[in-house]
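Chain and residue survey
Okay, here's what each chain looks like letter by letter:
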Amino acid sequence: MTAFAERTEEPGLPWWLVLLEGIAAVILGLFLLTSPGATLFVLIQVLGIFWLVGGLFRIISIFLDNSLWGWKLVGGALGILAGIVVLQHPLWSSVLVPAIYVIILGIQGIILGGATLVMAFRGEGWGIGILGALSIVIGLVLLFNVWIGVAALPFVLGAIGIVGGGVAIVMAFVMRSTDRRASVRGSGTEGGEGEARPV
C-alpha cells in the first residue's frame, strides 16, 4: 500500500459532525441577522465563560507541565480577569468587547495592508498593491469609526456564519457520498480477492 493510500484511509471528521457544525453556524448566522443585539449579548457571555474556564485550566496546567509557566500564568490570569469582568458587567461588555475587536481588526488591516504594499513595490504586482491599499483604507475606517464597525459586526458575522455554514453542509454531503463510494469499492475489492483465492 502506498503512502498516499494510507493517508487517504486515515479517519478524519465524520460527515455528520461537519453537518451539525454547518447547521449550527447557519442558525447562529440567522439569529445574528434577525436579532443582532440579543444574540451578540449571549455570545459575549459565552465568551466570558470560555475565557474564565480557559484561564483556570491554563493555570492548572502549570502543575502538570511547568514549561513556559510564566506565560501560562500570565495568560491564565488575564483569561480569568477578562472572564470575570465580562460576566460581572454584561451590558458594558456587550459594547466594549466588540469595540476592542473592531479596533484590533482595524490595526491588523493597516499592518497587513502596509506589508502588502511593500511587497507590491518590490515587484509582486499591482493587484496585490490595490488589495494592500484597500486593507489600509478599511483599517482606518474601522479605527476612526469604531461604533459603525460595532454596529455592523453582528451582520458581518451573521453573513459569514450563513455562508460558512452552507458550505459546511454541502461539504458534509460530499463527504458522505465519498465515504459510501469508498465503502462500496472496499467491499467489492474484498469480494474479488476472496474469489481469486484457491480453496
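Preceding this section is the structure that the text describes.
Residues numbered from 1 in each chain as written. Predicted model: local features only at pLDDT ≥ 70, side-chain atom pairs only at ≥ 80, totals over all residues. Heavy atoms only, no water.

Another point: the side chain of Lys72. Structurally, Lys72 is set in helix H4 (residues 69-88). Judged by relative accessible area, which is 19%, Lys72 ranks as buried. There is a polar contact of 2.9 Å between the side chain of Lys72 and the backbone oxygen of Asp65. Aside from chain neighbours lying at most four places away, what touches Lys72 is Arg58, Ser61, Ile62, Asp65 and Ser67. (Helix = DSSP H or I, 4+ residues; strand = E, 2+ residues; numbered from the N terminus. Buried < 20%, exposed > 50% of the residue type's maximum accessible area, 1.4 Å probe, protein only. Polar contact = N/O pair within 3.5 Å; in protein donor to acceptor, adjacent residues only side chain to side chain. Contact = heavy atoms within 4.5 Å.)

Time to look at the layout of surface pockets. For the second largest pocket, the calculated volume is near 280 Å³. Looking at the lining of the second largest pocket, the elements that each hand over two or more residues are helix H3 (36-64), helix H5 (90-124) and helix H7 (146-196). Broken down by element, the residue count for the lining of the second largest pocket peaks at five residues, all from H3. Here the residues of the lining of the second largest pocket are counted per class, giving eleven nonpolar, no polar and no charged. (1 Å grid on protein atoms, 1.4 Å probe; cavity = no way out; pocket = protein on both sides within 12 Å on 5 of 7 lines; lining within 4 Å. Points joined across faces, edges and corners; volume = space filled by probe spheres on them. Nonpolar A, V, L, I, M, F, W, Y, C, P; charged D, E, K, R; others polar.)

Glancing now at the pattern of salt bridges. One pass over the structure, following the stated rule, counts one salt bridge. Across the pair Lys72 and Asp65 runs a salt bridge, and its minimum N-O distance is 3.7 Å. Relative accessible area serves as the criterion here: at 40%, Asp65 is assigned to the partly exposed category. (Salt bridge = Lys/Arg side-chain N within 4 Å of Asp/Glu carboxyl O.)

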